[in-house]
Each structure stands twice: as C-alpha cells, then as structure tokens.
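Summary of structural features
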Amino acid sequence: MYPNSDLAAGILGWVNADGKGGGGVEQKLNTLLSGKDGKIRYAQSGGRQVPTAGSTETPAVPGSDVELTIDRDIQWAAQDAITEQVTKSKADRGYVIVQDTQTGEILAMANSPGFDPGDLSQADPGTLHNWALEDAYEPGSTAKVMSMAAVLEENVATPQTHVVVPNRLHRGDRLFKDDIDHETWYLTLNGVLAKSSNIGTILATGQLGKTQAQANQVLYSYLRKFGLGSYSGLDFPGETKGILAAPQDWSTSQQYTIPFGQGVSLNAMQAASVYSTIANGGVRVEPTLVRGTQGPDGRFTPAAKPEKSRVISEKTAKTLARMLESVVDDREGTGAKARIPGYRVAGKTGTANRVDPATGKYHGYTSSFAGFAPADNPRVTVYCAIQNATEGSYFGGQICGPVYKQVMEFALKTLQVPPTGAKSASLPVTFKP
C-alpha cells in the first residue's frame, strides 16, 4: 500500500508480482522488510491431513519497519516545485535534494516525472528510477566552488586577489570564453565566482602547481575528497559514482574544462553533498536515508553513524560561504532569483552543456542551482537540477534559482529555523586597474 501515491516514489521503489522489492528502498532492504515465511509439515492421505500423524510448524517471522530520514512535508514541497518547473520548461526531467547540513540526513529527494508505485500499469518505464542518484551528468558552474576551495586551501589566492579576465583565453588547443562576450573584466577571486567566469576559474586553478600537470593533480585530490568519483554512501540500487578520470588521463581540453565543471560527471546527491560539506565547516558527513529500524519485538535500532571526513579547513569553508553569498546578493551575481527575504543565502548557479544519453553528443543543457541557508549558520542544503529545458530560459539561475528559493523557504519554515539577524559583510567583486 502506498497511501501517498507518487510521493517519494523514486526513494521507496515498488514491489513486483512476486512480492519482492523491485527498486529503491523496497529492493535495498527487501530481506529486512519482508521477514521470513512460516512452514507447516504434515502427513496427508487423499488430499486430506491425517490428524493422528502429527505435524510440525515453524511460525512466520514478521519483517521490520524502516524509518526514513525524509520529512514528508518537505518532500511534498520539493516534488511540487520541481514538477511545476519541469512541466513549464518542457524538460526531460529534474530533481531536488534537501539535506540537513549537520547530520547528513536526506530530508527530501524528489524526481520529476514520477510514478505511482501502487499502480505500475500506468507508469512510464523511464520513470521507474531514482534519477537523482542514477543520472551521471556534467555539473557546470556549481562545481566551481570546489576549484575555489582548492585555491583558498592551498593559499595561492584570497577572495580579494585580482584576476584580469580577457574576453577569450587561449589554452591547449582551443579558445575558452565566458557565457557572454565582454570587455576585459577586472575581477577579484570573489568576483570570478559571483559572475561565474570560466576564464577566471581557469586562471585561478592554474596557480595550484608550478606546471599544469601539478595543478591538475592538486585539483583532482580535492574533487576526490569532496566525493566525486565515489559512491555517496547511500548504497542505493542503480546509483552511479559519476565519471572522474585520473589526472594523467585528462585530455588537453579537460585539464581546463574540469575546473569549471565540464569533462567530469556526478549525480545530484554528490553535488548536494559538496555544498553540505562547505556548510558544515569543511567536514563531509556521509548522506543517510535510513534513520533506523523497528523489529517485530517493537525495539528501535538506530542506523549506524555516518562516516565523517575533513575536506577543507573551517576557515576556508567560512570564506567560501561568504563568497557564495555574493553570487546571490551582489547586483552583479548570477543567483539573484534565489534571494530569501530576512535570510542570508549562499548559492551558486550552473548551466552546463549536456551529453545526450541517446547519441553520446552534446545537446541541450543541464541547469542547476545549489546552496545553503542561513549562510552564516547553515542548517539546510538545497540542490536543484533540470535536464534539457526546451521552453523559455535554460540558465540555472533563471529556472532552478526559483525552485531553490521555494523549497528552501518551505524547509526553513518547517524546521523552524530563525533568521540569524546578522548582516553580511559583502566582499568586493571588481577592482580598478
């Protein structure tokens, strides 16, 4: 029985005709949920039990109840918001993840389009997935925060470091550009993130080593620490660990595109986890979906504590949070649509070229927005991505920024998170040459 119809169907999965879990948590925890069948053994004659022959009976053992970390109300709000935007944008699909930054618990994981696990006959087979964990895609500019983390942690630049950004940059075998043509920009490192400059990011990460090969190795080590190229820890059926090649295998162009999120792939959970790590003072907490189980005896057994690992220093994490505020708050930032009155919001937009799974060639875009709030005392991370929007804008700030705002506002109210009251000390975006 699925009394909430399609709510959280991608997480729950379904039960097949044999009574076994066919996807999602139903499949992952099938043995725990289903318990053990009972047995009765007796003698029969002519199809009837012989009452004097004796019989042996092994009673059935009921399955356990599983308690998820999902907040039903926040899950509904996330599913409602992403469904509306995917429909409006005539996109292939989209997903939203809401995570508690301190505990790593998943509060919502919504996919659109979805399905009703109680009526599979009406479901499109393509929707019987949890694409938030199964889709591997190039994240684009939301990944720039990891490049900035490496640059700050390695002490090769500060948020005020001057970066002169030309209209075109020749590296390797190609010319790189930003998403708009511009005269030479005189940006701070903070401004590179706020204006989401690809060229500025290439120039900044080039400082990570004396040679490009050394810089690649350093950047790769940070991407791995943030969780790229590894399973998230949820152990979910069908989950992808994405694609992150070893640095010695990066192509001539990859060594310049990976810093701004192209030429590397991840899933939505990995992307959300990056921002939760920054929000949590630089400590990555393995995401969790199961809070615990209640056995037939009524005893509750909490799930094992998630693994924790320090990725960057607390100082770097706090600096990044302030820089991410500039993306949303500064008039030159790309994330203005994610502002929430009364709250300090940290976030980042992303618009990436998308590999069409049918042809293997670039076609369309992945639009995304990632962030956390309150920026100065984080509690909640929200990540939104939409695949191949074909109607209206396809820029992440334009179509995922409003979804982020809607879901974040609802989550903050539901969890009764008060505004911090403190005003942000804005960092400079530009400098005068």
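Residues numbered from 1 in each chain as written. Predicted model: local features only at pLDDT ≥ 70, side-chain atom pairs only at ≥ 80, totals over all residues. Heavy atoms only, no water.

**Things to note about the sheet that holds strand 7 (residues 65–68)**
A sheet is described by the order of its strands in space; here 3 strands give the open sequence 7-15-16, paired in antiparallel fashion. Each end of this open sheet is capped by a strand with a single partner; those strands are strand 7 and strand 16 (300–302). Averaged over all neighbouring strand pairs, the angle between strand axes comes to 25°, with direction disregarded. Here strand 15 (residues 290–294) pairs with strand 16 via 3 bridges, running antiparallel. When the bridges of strand 16 are listed, threonine 293 appears paired with threonine 301. (Pairing = 2+ DSSP bridges. Helix = DSSP H or I, 4+ residues; strand = E, 2+ residues; numbered from the N terminus. Axes fitted to C-alpha atoms, helices over the stretch in contact; angles between N-to-C directions.)

**Focus on the nonpolar core**
Counting residues in hydrophobic clusters, the biggest one holds 79 residues, and the most contacted among them are Met109, Ile312 and Leu320. Ile74, Val98, Leu107 and Val403 belong to the second largest nonpolar core, which has 31 residues in total. (Core = buried A, V, L, I, M, F, W, Y, C linked by side-chain atoms within 4.5 Å. Buried < 20%, exposed > 50% of the residue type's maximum accessible area, 1.4 Å probe, protein only.)

**Some words on the environment of leucine 223**
Within the secondary structure, leucine 223 sits in helix 9 (residues 212–225). The exposure class of leucine 223 is buried, given its relative accessible area of 3%. Placed 35 residues apart in sequence, leucine 223 and isoleucine 258 show a C-alpha to C-alpha distance of 9.9 Å.

**Re helix 14 (residues 401–414)**
Compared with an ideal rise of 1.5 Å per residue, which puts 14 residues at 20 Å, helix 14 spans 20 Å between its outermost C-alpha atoms and is within 8% of the ideal. Buried within helix 14 we find Gly401, Val403, Tyr404, Val407, Met408, Ala411 and Leu412. Taken end-on, helix 14 shows its buried residues confined to a sector of 150°, consistent with a single buried face. Contacts from the buried residues of helix 14 go to helix 4 (72–89), strand 8 (93–100), strand 18 (346–355), strand 19 (362–373), strand 20 (380–387) and helix 13 (396–399). After helix 14 finishes, the residue glutamine 416 shows a positive phi value of roughly 55°. (Expected span 1.5 Å × (residues − 1). Arc of directions from axis to C-beta. Contact = heavy atoms within 4.5 Å.)

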